[in-house]
Amino acid sequence: MIETDILIIGAGPTGLFTVFEAGLLQLKCHIIDALPQPGGQLAELYPKKPIFDIPGYPEVLAGDLVTNLMEQIKQFQPGFTLAETAETIEKLEDGTFIVTTNKGTKHKAKAIAIAGGLGTFEPRKPVLKDIEFYENEDRGVDYFVKDPEKYRNKNIVIAGGGDSALDWSIFLANVAASVTLIHRRNEFRGALDSVEKVQELKSSGKIKLITPAEVSSLNGTERIESITIDTNGEQMNVPTDYFIPLFGLTPKLGAIANWGLEIEKNAIKVNNALDYQTNIDGIYAIGDVNTYPGKLKLILCGFHEATLMCQSVYNRIHPGKRYVLKYTTVSGVDGFDGTRKEAEKAVVKAID
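Residues numbered from 1 in each chain as written. Predicted model: local features only at pLDDT ≥ 70, side-chain atom pairs only at ≥ 80, totals over all residues. Heavy atoms only, no water.

### Some details on the sheet that holds strand 21 (residues 290-291)
Step number 1: Ordered by their spatial adjacency, three strands build an open sheet running 18-19-21, and the pairing between neighbours is mixed. Edge positions in the sheet fall to strand 18 (263-264) and strand 21, since each has one partner strand and no second.
Step number 2: Alignment of strand 18 against strand 19 (residues 267-269), held across two bridges, turns out to be antiparallel. In the sheet register, Ile 263 faces strand 19, and the bridge partner there is Ile 268. (Pairing = 2+ DSSP bridges. Helix = DSSP H or I, 4+ residues; strand = E, 2+ residues; numbered from the N terminus.)

Below, the structure written as structure tokens:
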């Protein structure tokens, strides 16, 4: 049995930052995540893409933000249960919770913070014969671009008409030997500057664009060797090393949806006027997984919600005990590992 003060479900940026804010209050945290590494969508979907709206960072790669958050919380020694999903929850008479994962790992916590982003997510897959064969063991079908270097000097076919398909076509044009972008329509639903950039790359011969078109079959014995495309009533064969269909994700709350929480449009309703608590006392939802009037699904909003939530949990665990909020420039940061970070003391010296 793993015991902790706050059990965080979701190791994305909001979940990770919760560890820091809880640590300032001397509250221990443990994190459950279905992915095999911390970082959530930032690590799984777009680690090499820049983020521009993190305060203090004019530009930061998603993967680097995760690295920095992990460094920031290191002294608070969070525990991790990775590659497991939270399945069942039981509330005990003393107000604590028992959460069991799909692999049977049990966690006991005084409060629950659901920070699961969009929840568990699956890529929308094209309906193609034998596609499952090519998905496994690096046989040529990928639904996420985790490391662009994997595609260096390779022939790539990307399918899709949204931002992800456009952005990765642009990025991989300078990495892969060739990039072919196909879409079932002539029009693309993405940022205008990305559409214009793809047009420029097409004109310069760095991207081959085939529209309107759809993939009808994948070809190859041991791994993918080519794809067959239907376009304008004709079929054409395109040799490729990798086929990357980017048709978006299907978000699901998973087993959490069965916990008795109030759900609205696949998100958890919370009290944003106070502390982002759900309809169940002691269970909070922060970040993209929650909803309330005026909700914005931004990382910085998740950080704000995590901060207020931790104050509420402190009062829940220590009723009647007053916590005096101090700026970290004044109080410093004391880690659970014995380390201390603090500003340099001012020099006291008389002036003659």
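And the narrative resumes.
### Re the nonpolar core
Step number 1: Core analysis: the biggest nonpolar cluster contains 57 residues, and Ile 6, Ile 112 and Ile 114 have the highest contact counts within it.
Step number 2: Listing elements by their share of this core, those giving two or more residues are strand 1 (2-9), helix 1 (13-24), strand 2 (29-33), helix 3 (62-73), strand 7 (97-101), strand 8 (106-114), strand 20 (283-285) and helix 7 (299-317).
Step number 3: In terms of residue count, the dominant contributor to this core is helix 7 (eight residues).
Step number 4: Counting residues in hydrophobic clusters, the runner-up holds 21 residues, among them Trp 168, Ala 173, Leu 201 and Leu 246. (Core = buried A, V, L, I, M, F, W, Y, C linked by side-chain atoms within 4.5 Å. Buried < 20%, exposed > 50% of the residue type's maximum accessible area, 1.4 Å probe, protein only.)

### Notes on a nonpolar patch on the surface
Step number 1: Side chains of Leu 296, Leu 298 and Leu 300 sit close together on the surface and give an oily, nonpolar patch of about 230 Å² of accessible area.
Step number 2: Position of Leu 298 among the secondary structure elements: in the loop between strand 21 and helix 7. (Patch = residues over 30% accessible without salt bridge, like charges linked within 9 Å, V, L, I, M, F, W, Y side chains within 5 Å. Areas by Shrake-Rupley, 256 points an atom, 1.4 Å probe, with all protein chains shown as cover. Salt bridge = Lys/Arg side-chain N within 4 Å of Asp/Glu carboxyl O.)

### A closer look at the sheet that holds strand 10 (residues 155-159)
Step number 1: Taking strand neighbours across the sheet as the criterion, the four strands line up as 12-11-10-16 in an open arrangement whose pairing is parallel. Looking at the sheet topology across the chains shown, the edges are occupied by strand 12 (208-210) and strand 16 (242-245). On average, adjacent strands in this sheet sit at an angle of 20° to one another, irrespective of strand direction.
Step number 2: Pairing analysis gives five bridges linking strand 10 to strand 11 (residues 178-182), with the strands arranged parallel. Within strand 11, the position partnered with Asn 155 by the bridge is Ser 178.
Step number 3: The sheet contacts of helix 5 (residues 163-172) involve strand 10, strand 11 and strand 16, and relative to strand 10 the element is tilted by about 165°. (Axes fitted to C-alpha atoms, helices over the stretch in contact; angles between N-to-C directions. Contact = heavy atoms within 4.5 Å.)

These values are about where atoms sit, not about what they do.
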